[in-house]
Amino acid sequence: QSNAMWGGRFAAGPDAIMEAINASIGFDKRLYAQDIEGSRAHAAMLAAQGILTDKDAHAIREGLLTVLSEIDSGAFDFSATLEDIHMNVEARLKALIGEAAGRLHTARSRNDQVATDFRLWVRDQCDAADAGLVALCRALLAQAEAGADWVMPGFTHLQTAQPVTWGHHMLAYVEMFSRDLGRFRDARARMNECPLGAAALAGTSFPIDREATARALGFDRPMANSLDAVSDRDFALEFLSAASICAVHLSRMAEELVIWASAQFRFVALSDRFSTGSSIMPQKKNPDAAELIRAKIGRILGAQVALFTVMKGLPLAYSKDMQEDKEQVFDAADHLMLALAAMEGMVRDMTANVPALEAAASSGFSTATDLADWLVRELDLPFREAHHVTGALVALAEAKGCDLPDLSLEEMRGVHDGIREDVFGVLGVHNSVASRVSYGGTAPERVREQVVRWKEALG
Ligand code: ARG
């Protein structure tokens, strides 16, 4: 038996394999609310334009609400023979209200319908990412505020570099995640145009009002070119791109938490709520959430690569290839939101080990740069020479198995006889961070200013 929706020119129905490869209902049922919202807006517009009678439009709009509640409650029977969410909803509408249901598809195609549904869905995900990122930034700000003057080692090459403040490190992530926030907001603004009314590809001869449907669905305006409207998925690519960058940021932070929570570092204690145990080693407290967040970039970037590859080389306008867009975006969005929520929880709950941070900051010759700067400032050495003198002092301390402040003045003067007692003032880590007052620097006063700025910015 041929397809009830498009089978007019067909004598036979599809092969079972054809049906299996063609059906998208298994995943695009997730678009049901957007599909119904779009159809209700379309029906209202058709009636307002005199294309549908008020009576039919009313029956359609009420019937669609019934379908919505059936799907919401789990009572709806999805059919693979009906291919996708669009035809499943329409078929059920027909069963509920009869012939009038067949008038809903006037001046519309599944091509503009799916483009509209998917845009609405991705737009919601931009908002969800927005909320998740704001919550995460607030958690980071709380940590930054508490530890504006806690000292920890800053690293390059994961080797001790210079002391920094805990608050400064937290704020580095606030900067990164807030740029992610900006990317999702930009993407949302750019995607907020309505494809509905593009019909199959060329527009329609019916006197539709695309401004009205765009407005009803919360879009800023209708898309200006019907071919473009049904052809592109750049809004999804842009979402995935923003998601991938965000997932990279999450992964880097997660990696730091894994390292920091290790017995060798002991920089932080993660809460029980965001840790797991081992079934064999009773002592274990594993940072599984951080590890999983670290890994999410794999599937999120995977989704991005998959959709870029699907879209590449597609001729205008719609091709069925584009049905392969949704699962990638669904999966990436689900896992991004989960990762954001888990990171927020971990950051909120984690306890910095302030003495361990300070001890680590004080080791590894972390104030060698401060010493070199002192030689430049106080003894007027060229920086290159100061660097060399400091290097010799580090070598001396290393040979003695001590840190720079543990060298005696005599030992120091053995390397450079201009060195004076007050050099010890710059060798302490608190003095070191306090001196980094340049804009964007790690000094506690700069950190506090940034915390204030971010609190205002995030509202
Ligand atoms: N299920 C389809 C998709 O996700 C809907 C659009 C179908 N359009 C078509 N001309 N067959 O892309």
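None of these values were measured; they are calculated from a predicted model.

**Focus on the pairing of strand E1 (residues 151-156)**
Right, so step 1: In the sheet, E1 pairs with strand E2 (residues 159-165) via six bridges, with the strands oriented antiparallel. Considered in E2, the bridge of Gly154 is made with Gln162.

**Focus on the site of the ligand**
Right, so step 1: Taken together, the neighbourhood of the ligand is formed by Ser24, Asp28, Asp84, His86, Arg110, Asn111, Val114, Tyr318, Lys320, Gln323 and Lys326.
Right, so step 2: Separating an oxygen atom of the ligand from a side-chain N or O atom of Tyr318 is a distance of 2.5 Å.
Right, so step 3: In this structure, an oxygen atom belonging to the ligand sits 2.5 Å away from a side-chain N or O atom of Lys326.
Right, so step 4: Isolated, the ligand exposes 340 Å² of accessible area, and the fraction of that covered by the protein chains is 87%.
Right, so step 5: Examining the composition of the shell around the ligand, we find that three residues originate from one element, helix H6 (residues 110-146), more than from any other.
Right, so step 6: Taken together, the residues that form the shell around the ligand break down as two nonpolar, four polar and five charged.

**Things to note about the side chain of Thr213**
Right, so step 1: Position of Thr213 among the secondary structure elements: in helix H8 (residues 210-216).
Right, so step 2: There is a polar contact of 3.2 Å between the side chain of Thr213 and the backbone oxygen of Arg210.
Right, so step 3: Not counting chain neighbours up to four residues away, the residues in contact with Thr213 comprise Ala41, His42, Met45 and Leu196.

Calculation criteria
- Within each chain, residues carry numbers counting from 1 in the order of the written sequence.
- Only residues with pLDDT of at least 70 get local features here, since the model is predicted, and only at 80 or more are side-chain atom pairs given and counted; chain-wide, interface and lining totals rely on the full set of residues.
- Heavy atoms from the whole structure form the basis of all side-chain values; hydrogens and water molecules are not counted.
- Any two strands are treated as partners once DSSP identifies two or more bridges connecting them.
- Runs of H or I in DSSP of at least four residues are treated as helices and runs of E of at least two as strands, each being numbered from the N terminus.
- One heavy atom suffices: a residue is near a molecule or strand as soon as one of its heavy atoms comes within 4 Å of it.
- Pairs of N or O atoms within 3.5 Å make up the polar contacts considered here, provided that, within protein, one atom can donate a hydrogen while the other can accept it, and that residues adjacent in sequence are counted only when both atoms are side-chain atoms.
- To measure how exposed things are, a 1.4 Å probe is used in the Shrake-Rupley method; for residues, cover is taken only from the protein chains shown.
- In the scheme used here, Gly and all other residues not listed as nonpolar or charged are polar, with Ala, Val, Leu, Ile, Met, Phe, Trp, Tyr, Cys and Pro taken as nonpolar and Asp, Glu, Lys and Arg as charged.
- Throughout, a contact is declared for two residues whenever any of their heavy atoms are within 4.5 Å.

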